[in-house]
Amino acid sequence: MDYKSAGVDIEAGYTSVELIKKHVLETKRPEVMGGLGGFSGLFSMKAFRDMEHPVLVSGTDGVGTKLKLAFLMDKHDTVGIDCVAMCVNDIACAGGEPLFFLDYIACGKNYPEKIADIVKGVAEGCKAAGAALVGGETAEMPGFYPLDEYDLAGFAVGVADEKDLITGKDIKAGDVLIGIASSGIHSNGFSLVRQVFTMTKESLDTRYDELDGTLGEALLTPTKIYVRALRSVKEAGIRIKGCSHITGGGFYENIPRMLPEGVRAVVKKDSYKVPAVFELLQKEGDLQEDMMYHTYNMGIGMMLAVDPADADRTVEALQTAGEMSYVVGYVESGDKEVVLC
């Protein structure tokens, strides 16, 4: 009897580390100290040097049951982007700049090439966010996970000068709401998605004209990372008063989180075109529109509140950063809530 016969292959773990090294190195920032393989990740505090009052900003999340689609499609090189996005978008939403990221992969069996594919996606997400991948953990857990399945989660740390934090406290009636387009369903609500669509390889490989591709390709599209988009607004000299990352809970749960007491957000549903994947999901599942906005981002991945004088410049700054955005509504006096009309 040995560890390998119990289901844990230490040699496979070593192989995984060797395969992921090149991906990790691509994310390195000047502040990273040491190399891959240490007991902890080291990051110099020089990034804080010029700040008046540096504040650490953190975020943690996973990919959720979207992973089930990756298993069915045997495609593992994009879910890492989702994992990074779900963490760093929350940091950017608070006005923070992501610094570094760590991932956690738990699997039934360590297949080194599959682990390398997952981490490749994580590294792609880190590069898009400007964050260093400073470490992680791959846990082989036979008997806990099926041999061909895994879970993926992550943790990110960022920094902001206190004066640059986006708190929402100064949002007032008359402010304008700018919605930044999402890349699709992102990484929330997939338990419902998997109930609406038949989860087989054949179903996911079905092409839909309105999707310009297969169902699986549309559903597995990785979550958009908004770090550079928000940075471009800041660099344009625009103050973002409030910011909401539209994740689980959709419009109704997330938009009020950025509002102070005494105001509400009014969003005009016809101010932009809802992407086809949401329309298909609603039609195929016979889902109520209200429930869709309670569950999904409906094509808006990030919502900003800005002064009306800054609305056009905000859209221009986002366009310069390569992001499609829309003026979708406004703020008015009322209870702390969102109203869709």
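Higher on the page you've got the structure.
Structural notes, computed from the coordinates. Note that the structure is predicted; figures quoted are calculated from it, not measured. (Residues numbered from 1 in each chain as written. Predicted model: local features only at pLDDT ≥ 70, side-chain atom pairs only at ≥ 80, totals over all residues. Heavy atoms only, no water.)

## Some words on the layout of surface pockets
Point 1. Looking at the second largest pocket, its volume works out to about 470 Å³.
Point 2. In this structure, the second largest pocket is lined by 24 residues; those nearest its centre are G95, D164, L165, I166 and K234.
Point 3. Among the residues forming the lining of the second largest pocket, the class breakdown is ten nonpolar, four polar and ten charged. (1 Å grid on protein atoms, 1.4 Å probe; cavity = no way out; pocket = protein on both sides within 12 Å on 5 of 7 lines; lining within 4 Å. Points joined across faces, edges and corners; volume = space filled by probe spheres on them. Nonpolar A, V, L, I, M, F, W, Y, C, P; charged D, E, K, R; others polar.)

## A look at the sheet that holds strand 5 (residues 132-140)
Point 1. Sheet architecture is open: four strands sit in the order 3-6-4-5, paired in mixed fashion. Looking along the sheet, the strands with just one partner apiece sit at the ends: strand 3 (54-62) and strand 5. On average, each strand axis in the sheet is tilted by 15° relative to the strand beside it, whichever way the strands run.
Point 2. Sheet topology note: the strand 4 (residues 97-107)/strand 5 ladder contains eight bridges and is parallel. Bridging across to strand 5, I105 finds its partner in T138. (Pairing = 2+ DSSP bridges. Helix = DSSP H or I, 4+ residues; strand = E, 2+ residues; numbered from the N terminus. Axes fitted to C-alpha atoms, helices over the stretch in contact; angles between N-to-C directions.)

## Thoughts on the nonpolar core
Point 1. L219, F251 and M303 are the most contacted members of the largest nonpolar core, which has 93 residues in total.
Point 2. When residues of this core are assigned to their parent elements, the largest contribution, ten residues, is made by helix 3 (residues 79-93).
Point 3. With nine residues, the next largest nonpolar core counts F48, L99, V134 and V159 among its residues. (Core = buried A, V, L, I, M, F, W, Y, C linked by side-chain atoms within 4.5 Å. Buried < 20%, exposed > 50% of the residue type's maximum accessible area, 1.4 Å probe, protein only.)

## Describing the packing of aromatic side chains
Point 1. Evaluated as defined, the whole model comprises six aromatic pairs.
Point 2. Aromatic pair F43 and F100: ring centres 5.2 Å apart, planes at 45°, arrangement tilted. Of the two residues, F43 is situated in strand 2 (residues 42-43) and F100 in strand 4; the sequence distance between them amounts to 57 residues.
Point 3. Positioned above the aromatic ring of Y111, the side-chain terminus of K109 is 5.7 Å from the ring centre. (Phe/Tyr/Trp six-rings, centres within 6.5 Å; stacked < 30°, edge-to-face > 60°. Lys NZ or Arg CZ within 6 Å of the ring centre and 35° of its normal.)

## Some remarks on the side chain of K66
Point 1. In this structure, K66 sits in the loop between strand 3 and helix 2 (67-73).
Point 2. You can call K66 buried: its relative accessible area is 0%.
Point 3. In this structure the side chain of K66 is engaged in a polar contact, spanning 2.8 Å, whose partner is the backbone oxygen of H186. (Polar contact = N/O pair within 3.5 Å; in protein donor to acceptor, adjacent residues only side chain to side chain.)

## What about the sheet that holds strand 11 (residues 263-267)?
Point 1. Judged by pairing direction, the sheet is mixed, and its six strands sit side by side in the order 10-12-7-13-11-14 without closing on themselves. Two strands close off the open sheet at either side, each with one partner strand: strand 10 (242-245) and strand 14 (338-340). Taking the axes of each pair of neighbouring strands and ignoring which way they run, one obtains an average angle of 25° across the sheet.
Point 2. The sheet contact formed by strand 10 and strand 12 (residues 300-306) spans four bridges and is antiparallel. When the sheet's bridge partners are listed, H245 is paired in strand 12 with M302.
Point 3. Sheet strands touched by helix 3: strand 10 and strand 12. Its angle to strand 10, the strand with the most contacts, is close to 170°.
Point 4. Seen against the sheet, helix 12 (residues 311-320) touches strand 7 (176-181), strand 12 and strand 13 (325-333) and runs at an angle of roughly 10° to strand 7. (Contact = heavy atoms within 4.5 Å.)

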